[in-house]
Amino acid sequence: MKRAILLFLILFAGGTLSAQFEFSLGLKAGANFAKMSFNAEDYNTETITKSHWGAFGRIGYTRLFVQPEFYFGAKGGKFSSNVFQVVSAFDYTSVDVPVLLGYKIVNGENFGLHAVAGPTFNFLTSKKITGSDLLSPEYYNDNYLGFQ
């Protein structure tokens, strides 16, 4: 039994050593487009455009990898209502830290296709609300957990 376990460990180590270790770093930037809709004719919504930027790392073997990210993002929205005579806007910034598990579906030299998913940890750095009391800063958590 001990010999079988030892043989398995030697074969596993040999297979692991022949796998290609990958480590890479990169920058990430993008835009967030948000439009709130209440599905009523009396509501008017505007599209709000914000941005995010940061960095990511990728650590893994062959097709399976872990991709931690760190980026700063700005989000917000604005809405008005003729029914309630309400105009409100909210802006907030956050630090987002996703820890993603990824799989390379297509691993070619000139083209690659990856699927990634995992939890994201978000920490609000600022929150600003203008307009009516319909939205209140107390409704925002200072941190939250999501999935992407």
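Quick caveat, the model's predicted, so the values are computed rather than measured.

Asker: Looking at this structure, how should I read the overall build of the protein chain?
Answerer: A tally of regular secondary structure across the protein chain gives one helix and eight strands. The secondary structure elements of the protein chain, listed N-terminal to C-terminal, are α-β-β-β-β-β-β-β-β. Here the protein chain holds 148 residues, and the buried ones make up 25% of them.

Asker: I tried to follow the environment of V95 on my own but got confused; where do I start?
Answerer: Checked against the element boundaries, V95 lands in strand β5 (residues 86-107). A C-alpha to C-alpha distance of 9.0 Å links V95 and A74, two positions 21 residues apart in sequence. Once residues lying within four places of it in the same chain are set aside, the contact partners of V95 are F70, Y71, F72, F121, N122, F123 and T125.

Asker: Is there a simple way to think about the pattern of salt bridges in this case?
Answerer: Side chains that differ in sign of charge can pair as their charged atoms come close. Per the counting criterion, the structure on display carries two salt bridges. With a shortest N-O distance of 2.3 Å, K104 and E22 are connected by a salt bridge. Residue K104 is found in strand β5, and its partner E22 is found in strand β1 (residues 21-34); the two are separated by 82 residues along the sequence. Using a relative accessible area of 22% as the deciding quantity, one classes E22 as partly exposed. Taking the shortest distance from any N to any O, the salt bridge between E69 and K28 comes out at 2.9 Å. One end of the pair, E69, is in strand β4 (residues 64-81); the other, K28, is in strand β1, and 41 residues separate them in sequence. E69 sits in the buried class, given a relative accessible area of 6%.

Asker: Teacher, can you tell me more about a nonpolar patch on the surface here?
Answerer: Judged by side-chain polarity, L64, V66, V99, L101, Y103, I105, V106, F111, L113, F121, F123 and L145 come together as a nonpolar surface patch covering roughly 1,100 Å² of accessible area. A per-element tally of the nonpolar patch places β5 first, with five residues. Among the structural elements, L64 can be located in strand β4. On the accessibility criterion, L64 (49% relative accessible area) is partly exposed.

Asker: In this structure, what is going on with the side chain of D96? I would like to understand it.
Answerer: As for its position among the elements, D96 is in strand β5. According to the relative accessible area criterion, D96 is buried, its value standing at 5%. For D96, the side chain forms a polar contact with the side chain of S94, separated by 3.0 Å. Leave out the neighbours within four places in its chain, and D96 touches E69, F70, Y71, K75, T120, F121 and N122.

Asker: Teacher, can you tell me more about the confidence of the model for the protein chain here?
Answerer: Overall, the prediction assigns the protein chain a mean pLDDT of 78, with 66% of residues at 70 or greater. Taken element by element, the protein chain is modelled with least confidence in strand β2 (residues 43-45), mean pLDDT 56, and with most confidence in strand β6 (residues 112-117), mean pLDDT 92.

Asker: In this structure, what is going on with unusual backbone geometry? I would like to understand it.
Answerer: With the exception of glycine, the majority of residues adopt a negative phi angle, and the majority of peptide bonds are in the trans configuration. One non-glycine residue, T62, lies in positive phi territory at about 40°. Topologically, T62 is positioned in the loop between β3 (48-61) and β4.

Scoring rules and cut-offs
- Residues numbered from 1 in each chain as written.
- Predicted model: local features only at pLDDT ≥ 70, side-chain atom pairs only at ≥ 80, totals over all residues.
- Heavy atoms only, no water.
- Helix = DSSP H or I, 4+ residues; strand = E, 2+ residues; numbered from the N terminus.
- Buried < 20%, exposed > 50% of the residue type's maximum accessible area, 1.4 Å probe, protein only.
- Contact = heavy atoms within 4.5 Å.
- Salt bridge = Lys/Arg side-chain N within 4 Å of Asp/Glu carboxyl O.
- Patch = residues over 30% accessible without salt bridge, like charges linked within 9 Å, V, L, I, M, F, W, Y side chains within 5 Å.
- Areas by Shrake-Rupley, 256 points an atom, 1.4 Å probe, with all protein chains shown as cover.
- Polar contact = N/O pair within 3.5 Å; in protein donor to acceptor, adjacent residues only side chain to side chain.
- pLDDT = per-residue confidence, 0-100.

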